[in-house]
Amino acid sequence: MSARGQAAERGGNMRAAPALRGAAHAPPPPAGGDVEAITEPGRYQDLSLFKVPAGFRGRPGWYVQLWWVVQALLFRPSPQIAYGWRRMLLRCFGAQVGVGAIIRPTVRVTYPWKVTIGDHAWIGDDVTLYSLGPIDIGAHSVVSQKSYICAGDHDYQTVDFAIRGRPVRIGTQVWVASDVFIAPGVTIADGVVVGARSTVIRSLQKGFVYVGNPARAVKPRDANG
Ligand SMILES: CC(C)(COP(=O)(O)OP(=O)(O)OC[C@H]1O[C@@H](n2cnc3c(N)ncnc32)[C@H](O)[C@@H]1OP(=O)(O)O)[C@@H](O)C(=O)NCCC(=O)NCCS
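The structure contained in this document is the topic of the report that follows. This is a predicted model, so every value here is computed, not measured.

## Observations concerning the site of the ligand
No. 1: Surveying the vicinity of the ligand reveals 13 residues, the closest of which are Ser144, Ala177, Ser178, Gly195 and Val211.
No. 2: Of the residues belonging to the shell around the ligand, the class tally is six nonpolar, six polar and one charged.

## Quick look at the environment of Gly195
No. 1: Following the sequence through the fold, Gly195 ends up in the loop between strand S16 (193-194) and strand S17 (199-200).
No. 2: Given 16 C-beta atoms within a 10 Å radius, Gly195 is considered partly exposed.
No. 3: With residues up to four places along the chain from it excluded, the contact list for Gly195 reads Ala177, Val209, Tyr210 and Val211.

## Topic: the sheet that holds strand S18 (residues 208-211)
No. 1: Taken in spatial order, the seven strands line up as S2-S5-S8-S13-S16-S18-S19 in an open sheet, and their pairing is mixed. In the strand order of this sheet, the two ends are held by strand S2 (102-103) and strand S19 (216-220), each with one partner.
No. 2: Strand direction decides the pairing type here: S18 and S19, joined by four bridges, are antiparallel. Looking at the pairing, Val209 lines up with Lys219 of S19.

## A word on the nonpolar core
No. 1: Counting residues in each nonpolar core, the largest one holds 40 residues, and the members touching the most others are Ile117, Leu129, Ile149, Ile182, Val194 and Val200.
No. 2: The residues contacting Ile149, other than those within four sequence positions of it, are Thr128, Leu129, Tyr130, Ile135, Val143, Val168 and Ile182.

About the thresholds
- Residues numbered from 1 in each chain as written.
- Predicted model: local features only at pLDDT ≥ 70, side-chain atom pairs only at ≥ 80, totals over all residues.
- Near = placed C-beta within 6 Å.
- Nonpolar A, V, L, I, M, F, W, Y, C, P; charged D, E, K, R; others polar.
- Helix = DSSP H or I, 4+ residues; strand = E, 2+ residues; numbered from the N terminus.
- Buried ≥ 20, exposed ≤ 12 C-beta atoms within 10 Å, placed from the backbone.
- Contact = placed C-beta atoms within 7 Å.
- Pairing = 2+ DSSP bridges.
- Core = buried A, V, L, I, M, F, W, Y, C linked by C-beta atoms within 7 Å.

These figures come from the coordinates and say nothing about function on their own.
Okay, structure coming up:
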C-alpha cells in the first residue's frame, strides 16, 4: 500500500477529531450530543492536500512497488528456514543485514533501504518495520512477534497532514518482547528488555527492564560476563 494509502487507512475516526483541538480550554462536548454540530469541519486536516514529499521514500515509486511485489511473491512465501534467502532479498533492496540475522517470512518491511539489522539479530513473526525513517536494530537484539516499529508519523498540526520519517534506533543485546509498539524518534539503549504489550514513546536507558504503557523501568537487567 502506498504511503498515501497508509495515511488514509490510518486516518481513523476523522469525524471526532475536530472536537479535540483546544480541549484544555473548551467545554466538554455535550454528552451523547452531536459533536460535529459544534465544530467547523475541514479546519484540522484536509487529506486532499496530502502529498508525499519528493525524495521522501528514498527510491522512485516504481522501485518501491517492485519491492512490495518481491516481498509478496518471493519473501513472504519462502520457507521458514530460508533465512539466507530473505537476508539476500533485503540486501538486494538496500538493507544492511548482518551475518546470521534471523528474519521470519512474515516480517513486513516498508522501505528496506532504510533498515539496518545487526549480526545475529532476530526479527520475529508478524513484526512490522514501518521504515518511513531509518530503523536500526543492533547486533544480538531480538524483536519478538507482532511488534510494530514505527519510524514515521504525520504532523497533525498541518492541514495537509504532512508525513514525517523519524528514526528508531534499537541498540545491541536488546529484547523487545511480543506485541510492543515503538514510537517514532525513540532510541532504545543497549541491553534493554521491553516487556510484552508495552508501548514505548520515550527513549529508554541502558540495561533496564521496562514494561507497560507508557513503558517504565521496573528493574535493572543483570549483565552476565
Ligand atoms: C518483561 C518480562 C521479561 C519480565 O519478566 P520478569 O523479569 O520475570 O519480571 P516480573 O514478572 O518479576 O515483573 C516485574 C514487574 O513488572 C510487571 N510486568 C512484567 N511484565 C509486564 C508486562 N509485559 N506488562 C506490564 N507489566 C509487566 C510485573 O507485574 C511486575 O510488577 P510488580 O513488581 O508490581 O508485581 C516479562 O514479563 C515479559 O513481558 N516477557 C515477554 C514474553 C514474550 O513476549 N514471549 C514471546 C516472545 S519469545
